[in-house]
Amino acid sequence: MASTQGRGFHTTDSAYLLPNDAPEHERLDLQSRALNRMMHDQPFHAPLVHPERILEVGCGTGVMTAYLAAAYPNAKDVIGVDLSEVPQTHRNGRVTFVQGDIFKLVQDPDSPAFAPNSFDHLYSRLLTCGMTDWRGYIAQAKELVKPGGWVELQELEAIFYDHDRQRIDEDWTWHKDIFAGARKVGLEMDVGRKLEGYLKDAGFVDVESRFYRWMYGKWPGHPETDLIGEYSLKHCLPIIDLTYDKVAAPNKTADEAEMGRQTIREHMSIIERGTHQGFHAAWGRKP
Ligand SMILES: C[S@@+](CC[C@H](N)C(=O)[O-])C[C@H]1O[C@@H](n2cnc3c(N)ncnc32)[C@H](O)[C@@H]1O
């Protein structure tokens, strides 16, 4: 597993579960567009007032770093950090991209941009597949923002619900196996629903959160979810297969693993109107 360590933190780059190449960058950009649409094109919730310095951690292609820069045109410094090199697509004069591990950058005397109490806002989205120490990460985020600064985290809750928000995955062995396998390497596949609690436990105040339906297919009457619904059917199903192969299949015999893959296909083929996973935005202010 590609991993980095710093001051007790452990993170894996997304290459642990996902590839990191041009098609993956296109997928991430499409996913970002679909998530923004799902949030009615108002993807930022923290009530920022004239932020000067903004940091996005795990910026991937940098699409949301550029979005943050556009949303806050008076910000002087908008920085996106990622373990991998950020592609050219979203580079413009207003954003700076730094390749590195946030946990190491904060300790690096040659990177004064990442001093404690130096950002008005820290934002991150979808570190679910790479972050293995959420409480450590949130403590680090708190250290980086100024008193009065905001942290906003947006993450997946990889639980399947029906239209009435009843869980439909409780008998799905492959789903349990993915959660258990991910947990073994420290990943929390349902971290989205824990964010609000983690922020409060870390001492943030004015903590709020918002739940969104990450749709699979159509949700009639909710056109804002059309794109994510379409995206999920095309792109999330292969990711579920990939995740199963990576974290669950290694603990099984070849026959059991094949059975697991078959059941995934069966369950996914009967995904019905209204099926969704959770997506949470949670934000809080450093006192
Ligand atoms: C699944 S991608 C999501 C990218 C982007 N936030 C998005 O929503 O499209 C997660 C990204 O977090 C980055 N990442 C994970 N741990 C990190 C760390 N400790 N420091 C910097 N980047 C990190 C990975 O390299 C990966 O590009």
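This one's a predicted model, so the numbers in the text were calculated from it and none came from an experiment.

The next subject is the overall build of the protein chain. The helix and strand tally for the protein chain stands at 8 helices and 9 strands. Computed over C-alpha atoms, the radius of gyration of the protein chain comes to 19 Å, within 12% of the 19 Å expected from 2.2 N^0.38 for 287 residues, which places it in the range of a compact globule. Based on the C-alpha atoms only, the size of the protein chain along its principal axes is roughly 55 × 40 × 40 Å. By the burial criterion, 54% of the 287 residues in the protein chain qualify as buried.

Of all residues adjacent to the ligand, which total 18 residues, the nearest are Gly58, Asp82, Asp101, Ile102 and Arg125. In the model, a nitrogen atom of the ligand is placed 2.7 Å from a nitrogen or oxygen of the Gly58 main chain. With respect to the ligand, the backbone of Ile102 contributes an N or O atom lying 3.1 Å from a nitrogen atom. For the ligand, the protein covers 96% of the area, taking 590 Å² as the surface of the free molecule. The set of elements that each furnish at least two residues to the shell around the ligand consists of strand E2 (9-12) and strand E4 (77-82).

Attention now moves to the packing of aromatic side chains. The tally for this structure, following the rule as stated, stands at 9 aromatic pairs. With a centroid separation of 5.5 Å and 90 degrees between ring planes, the pair formed by Phe44 and Tyr67 is classed as edge-to-face. In this pair, Phe44 is assigned in the loop between helix H1 (22-38) and strand E3 (53-57) and Tyr67 in helix H2 (residues 63-71), connecting sequence segments 23 residues apart. Among the residues examined, Phe44 registers a relative accessible area of 15% and is labelled buried. Aromatic rings pair up to connect Phe160, Trp172, Trp174 and Tyr216 into one cluster. Against the face of Tyr161 rests Arg165, its NZ or CZ located 5.1 Å from the ring centre. In this structure, Arg165 is placed above the aromatic ring of Phe211, and the distance from its NZ or CZ to the ring centre is 3.6 Å.

Applying the stated criterion to the full structure yields 0 disulfides. Free of any disulfide, Cys129 has its nearest cysteine sulfur in Cys236, 10 Å distant.

Take the nonpolar core next. With 53 residues, the main nonpolar core has Phe160, Trp174, Trp214, Ile228, Ile240 and Met268 as its most contacted residues. Sorting elements by how many residues they give to this core places helix H7 (residues 226-248) first, with 7 residues. Apart from residues no more than four positions distant in its own chain, Ile240 is found in contact with Phe160, Trp174, Ile178, Tyr216, Ile264 and Met268. Of all hydrophobic cores here, the second largest spans 28 residues; its members include Ile79, Leu105, Leu153 and Tyr198.

The subject of this paragraph is the environment of Gly62. By secondary structure assignment, the location of Gly62 is in the loop between E3 and H2. On the basis of relative accessible area, Gly62 is assigned to the buried category, the value being 0%. Here the alpha-carbon distance between Gly62 and Asp41, two residues 21 residues apart in the chain, equals 17 Å. Contacts of Gly62, omitting those with residues within four sequence positions, involve Val86, His90 and Phe97.

Criteria and thresholds
Here, residues in each chain are numbered from 1, in the same order as that chain's written sequence. This being a predicted model, a pLDDT of at least 70 is required before a residue's local features are given, and a value of 80 or more before pairs of side-chain atoms are given or counted; all residues contribute to the totals for chains, interfaces and linings. Excluded from the side-chain calculation are hydrogens and water; included are all heavy atoms of the structure. Helix and strand labels come from DSSP, where a helix needs a run of H or I of at least four residues and a strand needs a run of E of at least two; each type is numbered from the N terminus. Only the C-alpha atoms count toward the radius of gyration. The rule for a globule is 2.2 Å times the residue count to the power 0.38. Only protein chains enter the accessibility calculation, which uses a 1.4 Å probe; a residue is then buried when its area is under 20% of its type maximum, exposed when over 50%, and partly exposed in between. One heavy atom within 4 Å of a molecule or strand makes the whole residue count as near it. Counting of polar contacts relies on pairs of N or O atoms within 3.5 Å, with two restrictions inside protein: one atom must be capable of donating a hydrogen and the other of accepting it, and residues adjacent in sequence are counted only when both atoms are side-chain atoms. Note that accessible areas follow from Shrake-Rupley with a 1.4 Å probe, and for residues the cover is restricted to the protein chains shown. When two rings of Phe, Tyr or Trp (its six-membered ring) have centres within 6.5 Å they constitute a pair, described as stacked for plane angles under 30 degrees, edge-to-face for angles over 60, and tilted for the intermediate range. Only lysine NZ and arginine CZ atoms are considered, and such an atom sits over a ring when it is within 6 Å of the ring centre and within 35 degrees of the ring normal. Here, the term disulfide refers to a pair of cysteine sulfur atoms separated by no more than 2.5 Å. For the purposes of this section, nonpolar cores are sets of buried Ala, Val, Leu, Ile, Met, Phe, Trp, Tyr and Cys residues that join through side-chain atoms within 4.5 Å. Two residues qualify as a contact provided that any one of their heavy atoms is within 4.5 Å of a heavy atom in the partner residue.

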